[in-house]
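What follows is each chain in one-letter form.
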Amino acid sequence: MFKIEANAPLQAHNTFGIVAKALQLVNIQSKDDICNLLANPELQPLPKFVLGGGSNLVLTGDVKPLVLKVEITGKRVVREGVKHFIVEAGAGENWHDFVTWTLAQNMPGLENLALIPGTVGASPVQNIGAYGVELQDRFDSLDYIDLTTGESKTLDAAACQFGYRDSVFKHALTDKVLITHVRFALPKVWKREISYADLDKLSKKKNELQPTASMVFDWVCQIRSAKLPDPKVDGNTGSFFKNPVVTPEQCKDIIGRDPNVAFYKLLDGNFKLAAAWLIDACGWKGRGVGNAGVHPNHALVLINKGRETGVPATGGEVMTLAKAIQTSVYERFGIRLEIEPVVL
Ligand code: EPU
């Protein structure tokens, strides 16, 4: 049975480490918990906010909607199909632990997504992706509870409307559902994906051109740890902005402004620009606003400088910094950077 906690501290529940509280918070450990909560006539109509690992979240004040902290656990192999193993995890499982578990079951396919902070339930919301693989490439289906009707529903990949760091959960279904379980289709015939520049470089450096899945897992962990700050040490939400997608004409214009710009051609003919490069070129690396700063090793990551200064960053400082970065990138390159985490 669920229990409502009043004025629950949220600092440990958001990886940026921002100090804020939830006016009301409930831990959801099962489908029954959420169904019972929704059957309560006082709680059912309240606005709600679903919280996973808080790894993609900026809190700009105390949270007034009822916070549903998802703690549904469990990992299992659902079935063996012709081409795939179907594996399932509860939404509250830690993402990296789940990836590690699939490899221990001898079911590779998620190794490129190692060490991404957050929970399994949050992974489809922003269609997490790294080092050449996106969640949608390994996704099977998910179950959710409709927070208005209490109904249980299942969505396949098409219904999730995945895009780059995007899904239906960032649009039509925002704040309307609680994802309870996610299923993944892991290929029975595994194919390594090491074409991403960092992995390709490491493979050549190690003279290991046909790495196993467990080697790719180790390499991804090594690359991420070297480049990206550990949120347990310096609070952050990973990439703070999306990499902008521009037309060939826009790309040409930007190359005209600075020929060194980092970009990649997409299959549809458009170009993806490295937001980190744009921010770096505007001289933001290592700078900041109050106790919020730009990571000295990776310009796309904003960090909480609280460990250094003794005072944790506020959500206001983080957003002031983000807006200043957006303005300078727009003034120099004519590109509007889109913020990636949810701002509450
Ligand atoms: N770069 C700079 N300055 C920097 C850092 C990078 O100029 O400070 C340039 C370099 O030219 C580099 C390029 O930016 O080659 C791209 O950098 P990186 O390979 O680190 O990838 P990214 O585009 O910045 C994306 C994802 C990451 C993911 C990596 C690896 C987004 C918003 N971010 O970052 O995802 O780990 O690729 O696949 O798409 C996250 O979403 O939180 C995240 C960390």
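Before going into details, it helps to say that this report is about the structure given with it.

Here is what the cut-offs are and how they apply
- Residues numbered from 1 in each chain as written.
- Predicted model: local features only at pLDDT ≥ 70, side-chain atom pairs only at ≥ 80, totals over all residues.
- Heavy atoms only, no water.
- Near = heavy atom within 4 Å.
- Polar contact = N/O pair within 3.5 Å; in protein donor to acceptor, adjacent residues only side chain to side chain.
- Areas by Shrake-Rupley, 256 points an atom, 1.4 Å probe, with all protein chains shown as cover.
- Helix = DSSP H or I, 4+ residues; strand = E, 2+ residues; numbered from the N terminus.
- Nonpolar A, V, L, I, M, F, W, Y, C, P; charged D, E, K, R; others polar.
- Domains from an automatic or database assignment.
- Buried < 20%, exposed > 50% of the residue type's maximum accessible area, 1.4 Å probe, protein only.
- Arc of directions from axis to C-beta.
- Contact = heavy atoms within 4.5 Å.

1. Considering the site of the ligand
Part 1 of the reasoning: Of all residues adjacent to the ligand, which total 25 residues, the nearest are Y131, Y164, Y196, D280 and H298.
Part 2 of the reasoning: Note that a nitrogen atom of the ligand is positioned 2.7 Å from one of the side-chain N or O atoms of D280.
Part 3 of the reasoning: Within the contact set of the ligand, an oxygen atom lies 2.9 Å away from a backbone nitrogen or oxygen of A299.
Part 4 of the reasoning: Out of a free accessible area of 830 Å², the ligand has 83% covered by protein chains.
Part 5 of the reasoning: Among the elements of the structure, strand 8 (129-130), helix 5 (213-227), strand 13 (236-239) and helix 7 (275-281) are those that each provide at least two residues to the shell around the ligand.
Part 6 of the reasoning: The class makeup of the residues in the shell around the ligand is 13 nonpolar, six polar and six charged.
Part 7 of the reasoning: When residues are assigned to domains, the shell around the ligand turns out to be shared by domain 2 (75-187) and domain 3 (236-343), each giving three or more.

2. With respect to helix 4 (residues 197-205)
Part 1 of the reasoning: If you check which residues of helix 4 are buried, you get D198, L199, L202 and S203. For helix 4, the arc enclosing every buried residue in end-on projection is 130 degrees, short of the 170-degree limit, so these residues lie on one face. Exposed residues pointing more than 90 degrees away from the buried face of helix 4 are listed as A197, K201, K204 and K205.
Part 2 of the reasoning: As for helix 4, its buried residues are in contact with helix 5.

3. Points about the environment of P47
Part 1 of the reasoning: Summarising the element assignment, P47 is placed in the loop between helix 1 (31-39) and strand 3 (48-51).
Part 2 of the reasoning: The spatial distance from the C-alpha of P47 to the C-alpha of L147 is 9.5 Å, given a sequence separation of 100 residues.
Part 3 of the reasoning: Not counting residues within four places of it along the chain, the set of residues in contact with P47 comprises P65 and L66.

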